[in-house]
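Observations on the model geometry
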Amino acid sequence: MEVIKGRIWKFGDNIDTDLIAPGKYLGLPYEQLLEHILEPANPDFPKKVQKGDIVIGGKNFGCGSSREQAPRGLKDLGVGAIIAESFARIFFRNCIGIGLPALTSSDISKHFETGHEAEVDLRNGTITNLTTGKTLETSKLPDMMLEILETGGVLEMLKQGKL
Amino acid sequence: MMGKTISEKILSEKTGKDLYARDFGFARVDKAMVHDITGPLAIQGMREITGNGKVWDSSRVIMLFDHQVPADSIIAAENQKMLREFAKEQGILNYDVYEGICHQIMVEKGHVLPGELVVGGDSHTCTYGALGAFATGIGSTDMAAVLALGRLWFKVPETIRFEIYGKLQKRVVSKDVVLKLIGIVGADGATYCACEFAGETIEKMDMAQRLTMCNMAIEMGGKTGIIEPDRVVEEYLKEIYPEYRLEDGLKSDEDAVYKQKITLDVADLEPQVAVPHRVDNVKPVSEVTGIKADQVFIGSCTNGRYEDLKIAAEILKGETVAKDTRVIVIPASRGEYVKALKEGLIEIFIEAGALVEFPCCGPCMGGAFGLIAGGEVSVSTSNRNFIGRQGSPEGKIYLVSPATAAATALYGEIVDPRAV
C-alpha cells in the first residue's frame, strides 16, 4: 500500500460526485454503476482504468453529494490513489474512511498528463512522474490516517478494535 | 480565556473538551439521519462492525425515504424493503415514503434542537444549522460508525462569519443572498469551514428563509451553515414543543476568532442566478434574462417550503404557464403540502398548468423523474447545477429563487421577478 504505481488519469477543477457517480446510475446494481464512474468527464475512464492507476484532479475534487459510491466506485475500479490540488471535505473523509489514499499537491496539474506513468510514496509524501522524471511533494497524511489506509478503512479498524 | 464561536461551543460540549478551531475530538452525536440512497451502505457497514447488533440508541436515529419515492425501480424497492425491515427490527422511527424530504422532515418534526450535534448521510444536512445546531453531512462509512457507536471524530472547523445587512427588495429572497455569497467566495471558498450567517437581514428572516441559507453552505464547501438561535427559532420550536424555551448563551462570543468576516449590503441586491455548470458561476438576473426554459422546477430541500410556494403562487395566480415550458412543483413535505393546499396555492399551480408532485427530491438527483433531455434547459430552485444533475449531461441547469422560477414559468424564459 505504501508505494502505488500506475497510469495517470487527469481531470480538471471541481470534479463533483455527480460526474464521478452520476445520479441516474445510483439506482442500478452496483456493478452497473461501476461502468459509468467518471464517464461524463472522460468516457474512456470506466472502460480502461486499471488496478493501481492514479487519478489527478484540480481544485475542489469530489465536491457535491456525500454519496460514498463515488470514492468506492473509484477504489473498486482499481484506482490506487487520488492526488488533487484540493479536496471537498466529505469526499476526502470518505476516501480515507474506505481506505483510498487521497493526497494534495498544489502543482500537480502542471506536471502530469493522462497516460503518464507515476509512482506515489504515501509515507514520504511524494509523487514521481516516471514518464518525465519529475518528482513533486504531496501532503503527508498523519500516522492515524496512514494506519486506517493500511488496515483497509475505518470499518476494518473498528472490527479489529484499533479505533 | 479566548472566546469561542457557536460551532466551537457545541463541539466542546459534545466532546467534553475545551476545543477550538483545528482541534480534533471524539464527539457524542445527538441525532443521525438515514435515507434511501446512502442508508443501505451505512447499514451494511454497521452490521460488519457489530455483527448484526443493535444501533447505539434507537431513539436517536431517524430514517426516511425521499430520493426515489415512491420506489421508481425494483432496486429502489428492494433497498427500501431492507431499510424498512432494519428500522422495525431496531425500533428506529421510520417515516418511510410518507413525509417528504429528509432535511425538511428533520426540522419540522422537531428532531433538531439548538445546540445539538446532528449528522446525516446527505451533504445538505448542513441545513439544520438554521436552528443553531451543528449539523453536517457524512458518508456511509462514517454513518456506520455512528450507528454502531453514537460517536464520531470531528475536526473543529474554522468559521467564516457572513454579516448581512439591508432590507431585501420585494421578490428578492434568501436564495438570492446565498447565491451571491457563493459567487463571492467560490465553490471551495469555505472548504472545511463553518459558515456563520448573521446580521440584521438574517435576523429578520423567517425559518424557511434561514433554512435555505444554511442548506446552501455546502455549495461553498462549508462543513456546516449555522445561525445563532433567537426568538424566531424559539417560536418555531414552540409550535412543536409548547414548553420549549431557548437557553441563553448559545451564540458566538464577541472575542471569538474567525478565519474571515465578510460583510454584504443586500439593499440593492438583484435576483441572482447560478449559471451552468457551477454553483459559484453566479450572475445578476439582468445578465441572463431571455434564456429559454424547457422545464421549471420549484421544490427541493432548498426551496420547497410553504413560503417558497407562496411567493411562486403569487406570481402564477390566475395565469397560465408558457406553452413550451413544463413546470414541476414539489412541496418539500406532506406538512408543507397540506399548508399550501389549505391556502389554495396548489389550486393556483394546477390551474396555471403546472404538474404538482408528491413530496420528494424529484428531479434534483437526476435519477428519479422530471429529467431533462440533451440540449434542454432547466430553471430550478434546487441547489446544484452540476452536469447531469437533472438528467442528460448535455442539459443545462440554472439555479434561481422561487420568485425567479415562477416568473420564468410564466414567460418561458428567465425573467426578473420584480418586473412581473
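Bear in mind that the values here come from a model prediction, so they are computed numbers and not experimental data. (Residues numbered from 1 in each chain as written. Chains lettered and ligands numbered in written order. Predicted model: local features only at pLDDT ≥ 70, side-chain atom pairs only at ≥ 80, totals over all residues. Heavy atoms only, no water.)

Attention now moves to helix α13 (residues 345-352) of chain B. All names here are of chain B. Within α13, burial applies to Leu345, Ile346, Ile348, Phe349 and Ala352. Down the axis of α13, the buried set is contained in an arc of 160 degrees. They therefore lie on one face. Of the surrounding secondary structure, the elements contacted by the buried residues of α13 are α11 (306-316), β15 (326-329), α12 (334-342) and β16 (355-356). Of the residues trailing α13, Gly353 is marked for its positive phi of about 100 degrees. (Buried < 20%, exposed > 50% of the residue type's maximum accessible area, 1.4 Å probe, protein only. Helix = DSSP H or I, 4+ residues; strand = E, 2+ residues; numbered from the N terminus. Arc of directions from axis to C-beta. Contact = heavy atoms within 4.5 Å.)

Turning our eyes to something else, we now look at the domain arrangement of chain B. Interface extent is often summarised as the accessible area lost during association of the parts. All names here are of chain B. Its domain assignment divides chain B into domain 1 (27-154), domain 2 (159-265) and domain 3 (273-419). Taken together, the contacts link 21 residues of domain 2 with 25 residues of domain 3. Carbon and sulfur atoms make up 56% of the area that domain 2 and domain 3 hide from each other, which totals about 1800 Å². Counting every contact that joins domain 2 to domain 3 gives one salt bridge. Here Glu219 ties to Arg384 by a salt bridge, and the two come within 3.1 Å at their closest N and O atoms. Scanning the region where domain 2 abuts domain 3 turns up eleven residue pairs in polar contact (both at pLDDT 80 or more). Among the secondary structure elements, those contributing two or more residues to the side of domain 2 that touches domain 3 are α6 (174-185) and α8 (207-215). When residues in the side of domain 2 that touches domain 3 are grouped by element, the largest group, six residues, is from α6. Of the residues contributing to the side of domain 2 that touches domain 3, the split by class is nine nonpolar, five polar and seven charged. (Domains from an automatic or database assignment. Buried area = accessible area lost by both parts, 1.4 Å probe. Salt bridge = Lys/Arg side-chain N within 4 Å of Asp/Glu carboxyl O. Polar contact = N/O pair within 3.5 Å; in protein donor to acceptor, adjacent residues only side chain to side chain. Nonpolar A, V, L, I, M, F, W, Y, C, P; charged D, E, K, R; others polar.)

Contact residues are listed per partner, giving 40 residues for chain B and 34 residues for chain A. Across the interface of chain B and chain A, roughly 3100 Å² is buried in total on both sides, 57% from carbon and sulfur atoms. Ranking the residues of chain B by area buried against chain A places B:Leu41, B:Thr141 and B:Phe386 at the top, with a combined share of 18%. If you look at where chain B meets chain A, you find three salt bridges. For B:Glu48, the salt bridge is made with A:Lys159, and the minimal N-O distance between the two is 3.2 Å. Across the chain B-chain A interface, the total number found is 16 residue pairs in polar contact (both at pLDDT 80 or more). Where the side of chain B that touches chain A is concerned, the elements lending two or more residues are α2 (39-50), β6 (134-137), α5 (140-149) and β7 (151-155) of chain B. Of all the elements, α5(B) adds the most residues to the side of chain B that touches chain A, at six residues. A breakdown of the residues in the side of chain B that touches chain A according to their chemical character gives 18 nonpolar, 14 polar and eight charged.

Residue and element names in this part refer to chain B. The sheet built from four strands is open, its strands ordered β10-β9-β8-β11 with parallel pairing. Both edges of this open sheet fall to β10 (224-226) and β11 (260-265), since each of them pairs with a single strand only. On average, adjacent strands in this sheet sit at an angle of 20 degrees to one another, irrespective of strand direction. Pairing analysis gives six bridges linking strand β8 (residues 159-165) to β11, with the strands arranged parallel. Looking at the pairing, Phe162 lines up with Ile262 of β11. (Pairing = 2+ DSSP bridges. Axes fitted to C-alpha atoms, helices over the stretch in contact; angles between N-to-C directions.)

To continue, consider α8(B). Residue and element names in this part refer to chain B. In terms of residue burial, α8 counts as a mostly covered element, since nine of its nine residues are buried. Restricting attention to buried positions, one finds in α8 the residues Met207, Ala208, Gln209, Arg210, Leu211, Thr212, Met213, Cys214 and Asn215. Capping the start of α8 is the job of one residue whose side-chain oxygen sits 3.3 Å from the backbone nitrogen of Ala208: Asp206.

In this model, chain B carries an average pLDDT of 97, and 100% of its residues clear a pLDDT of 70 or more. The ipTM value of the predicted complex is 0.93, and its pTM value is 0.96. (pLDDT = per-residue confidence, 0-100.)

All names here are of chain B. Look at α2 against helix α3 (residues 74-90): their axes get within 10 Å of each other, and the N-to-C directions meet at 50 degrees. By the angle between their directions, the pair α2 and α3 is classed as oblique. Crossing angle aside, the handedness with which α2 passes α3 is left-handed. Along its contact with α2, which presents Gly39, Pro40, Ile43, Met46 and Arg47, the element α3 presents Asn79, Met82, Leu83, Phe86, Glu89 and Gln90. Its residues assigned to classes, the contact of α2 with α3 shows six nonpolar, three polar and two charged. (Parallel < 35°, antiparallel > 145°, perpendicular 65-115°, else oblique. Left-handed = near helix turned anticlockwise from the far one by under 90°.)

A grouping of A:Met144, A:Leu163, B:Phe24 and B:Trp153 is seen on the molecular surface, where their side chains present a nonpolar patch of about 390 Å² in accessible area. As for its placement among the helices and strands, B:Trp153 is situated in strand β7. Classification of B:Trp153 by relative accessible area gives partly exposed; the value is 38%. (Patch = residues over 30% accessible without salt bridge, like charges linked within 9 Å, V, L, I, M, F, W, Y side chains within 5 Å. Areas by Shrake-Rupley, 256 points an atom, 1.4 Å probe, with all protein chains shown as cover.)

Next up on the list: the pattern of salt bridges. Side-chain pairs of opposite charge can arise whenever the charged atoms involved come near each other. Residues and elements named next belong to chain B. Within the structure shown, the criterion is met by 36 salt bridges over all chains. The partner of Asp253 in a salt bridge is Lys9, and the shortest N-O contact between them spans 2.8 Å. Residue Asp253 is found in the loop between α9 (231-240) and β11, and its partner Lys9 is found in helix α1 (residues 6-15); the two are separated by 244 residues along the sequence. For Asp253, a relative accessible area of 28% translates into the label partly exposed. For Lys9, a relative accessible area of 22% puts it in the partly exposed group. Notably, a salt bridge pairs Lys31 with Glu116, separated by 3.1 Å at the nearest N-O pair. A residue pair is termed long-range when its members are at least 10 positions apart, and Lys31 in strand β2 (residues 31-35) and Glu116 in the loop between α4 (102-108) and β5 (117-120) qualify at 85 residues. Exposure class is identical for Lys31 and Glu116. Each is buried.

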